[in-house]
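# Close look at the chain arrangement
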Amino acid sequence: MTTELSPLSPRERLAMTRQALVRQMNHDTSTAIEQGGSDVEIDASASTWSLVKQTALSWWQGHPASLALDFAQPRMQRFAQEQPLKLLGISAGLGAATVLLRPWRLISLTGLVFAALKSSEVTGLASSLLASRSRNDRLR
């Protein structure tokens, strides 16, 4: 590694990026905190993103549409294998109907926001994000 006075070479930057990716994939934040510097910010934002993904996945697994999708997926795969052109035609028809009818105009954005905020998972996400932020502020 070079000192802070000289700029890093492209190879050194690539090596640092690879190390940060491996640490993130292994969920290891201790090395980034020990090193100090910009890795802490990368790991903090990456851990926040993984927390958001985990919360969204948890919300989706509890959603009724997830059950319907799990039920329909094997049947759709079989239908796609047996009659791919028919499935393509149905998909094109549904896409054209969606463009012409514009169903998103029927749904209020504020109604969607309020419905999402009522979910218990959003409350858990907010408290986890706040706890994560305060922990990261103490580390800096």
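Residues numbered from 1 in each chain as written. Predicted model: local features only at pLDDT ≥ 70, side-chain atom pairs only at ≥ 80, totals over all residues. Heavy atoms only, no water.

## Focus: the overall build of the protein
Assigned secondary structure in the protein consists of 7 helices and 0 strands. Expressed as a percentage of its 140 residues, the buried residues of the protein come to 11%. Long-range contacts, defined here as pairs at least 24 residues apart, represent 40% of the contacts in the protein between residues at least 6 apart. Here the protein has roughly 11,400 Å² of accessible surface; of this, 65% comes from carbon and sulfur atoms. (Helix = DSSP H or I, 4+ residues; strand = E, 2+ residues; numbered from the N terminus. Buried < 20%, exposed > 50% of the residue type's maximum accessible area, 1.4 Å probe, protein only. Contact = heavy atoms within 4.5 Å. Areas by Shrake-Rupley, 256 points an atom, 1.4 Å probe, with all protein chains shown as cover.)

## Examining the packing of aromatic side chains
For the structure shown, the criterion picks out 0 aromatic pairs. A cation sits over an aromatic face here: R75 above F71, 3.9 Å from the ring centre. (Phe/Tyr/Trp six-rings, centres within 6.5 Å; stacked < 30°, edge-to-face > 60°. Lys NZ or Arg CZ within 6 Å of the ring centre and 35° of its normal.)

## Some points on the packing of helix α4 (residues 64-82) against helix α5 (residues 84-101)
Packing of α4 against α5 brings their axes to within 5 Å, and their N-to-C directions diverge by 115°. By the angle between their directions, the pair α4 and α5 is classed as roughly perpendicular. Only P84, K86, L87 and I90 of α5 make contact with α4, whose side of the interface consists of M76, F79, A80, Q81 and E82. (Axes fitted to C-alpha atoms, helices over the stretch in contact; angles between N-to-C directions. Parallel < 35°, antiparallel > 145°, perpendicular 65-115°, else oblique.)

## Here's the deal with the confidence of the model for the protein
Summary statistics for the protein give a mean pLDDT of 76 and a share of 66% for residues scoring 70 or more. Mean pLDDT in the protein bottoms out at helix α2 (residues 30-35), which sits at 47, and peaks at α5, which reaches 95. Ignoring residues within four places in sequence, the model shows residues 31-37, a span with pLDDT below 50, making 8 contacts including any to other chains. (pLDDT = per-residue confidence, 0-100.)

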